[in-house]
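Chain residues, written in single-letter form:
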Amino acid sequence: MIKRRNRTKHTKTFEERLTEEAARFKEAAAQLPPGPQRELYLRRARQAETASHINNWLASPGLQPPTVLENMQVGRRAKRDQGASD
């Protein structure tokens, strides 16, 4: 038997869905007294906002992929910094 993927046609953009999700979590948190559940809702709202910012950054026209040379330099710096902290 072949499993079929559930496919969903979204009517709103990813950005709109993230914004609405953050608003829903903030609203739910506002209805609760201080405590772990409220903090969970606030954390999820921040995560949705962060995802939105990352999505905007990734979609920006000025974003350029790193070059091989940059990757090598970052790796050398990380090794050097790691050796200094040992």
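Predicted model only: the values in this text are computed from it and were never measured.

Participant: What is the right way to look at the confidence of the model for the chain in this model?
Facilitator: Averaged over every residue, the pLDDT of the chain is 84; residues scoring 70 or more account for 72%. Within the chain, helix 1 (residues 14–30) carries the highest mean pLDDT (96), whereas helix 3 (residues 68–85) carries the lowest (62).

Participant: I'm lost on the side chain of Ser52 in this one. Help?
Facilitator: Among the structural elements, Ser52 can be located in helix 2 (residues 36–59). Non-local contacts of Ser52, meaning those with residues more than four positions away in its chain, are made with Glu15 and Leu18.

Participant: Which parts of the structure should I look at to understand a nonpolar patch on the surface?
Facilitator: The grouping of Ile54, Trp57 and Leu58 at the surface amounts to a nonpolar patch, some 330 Å² of accessible area in total. Mapped onto the elements, Ile54 comes out in helix 2.

Participant: Looking at this structure, how should I read the environment of Glu16?
Facilitator: As for its position among the elements, Glu16 is in helix 1. Owing to a relative accessible area of 39%, Glu16 belongs among the partly exposed residues under this scheme. Along the backbone, Glu16 and Ser52 are 36 residues apart, and their C-alpha atoms lie at a distance of 8.9 Å.

Participant: Whenever I open this one, helix 2 confuses me. Can you help?
Facilitator: Think of an α-helix as turning once every 3.6 residues; residues three or four places apart then point the same way. For helix 2, spanning 24 residues, the distance from its first C-alpha to its last is 34 Å, which sits close to the expected 34 Å at 1.5 Å a residue. Taken as a whole, helix 2 has its buried residues at Ala45, Ala48 and Ser52. If you follow the buried residues of helix 2, they end up packed against helix 1.

Quick notes on the rules
- Residues numbered from 1 in each chain as written.
- Predicted model: local features only at pLDDT ≥ 70, side-chain atom pairs only at ≥ 80, totals over all residues.
- Heavy atoms only, no water.
- pLDDT = per-residue confidence, 0-100.
- Helix = DSSP H or I, 4+ residues; strand = E, 2+ residues; numbered from the N terminus.
- Contact = heavy atoms within 4.5 Å.
- Patch = residues over 30% accessible without salt bridge, like charges linked within 9 Å, V, L, I, M, F, W, Y side chains within 5 Å.
- Areas by Shrake-Rupley, 256 points an atom, 1.4 Å probe, with all protein chains shown as cover.
- Salt bridge = Lys/Arg side-chain N within 4 Å of Asp/Glu carboxyl O.
- Buried < 20%, exposed > 50% of the residue type's maximum accessible area, 1.4 Å probe, protein only.
- Expected span 1.5 Å × (residues − 1).

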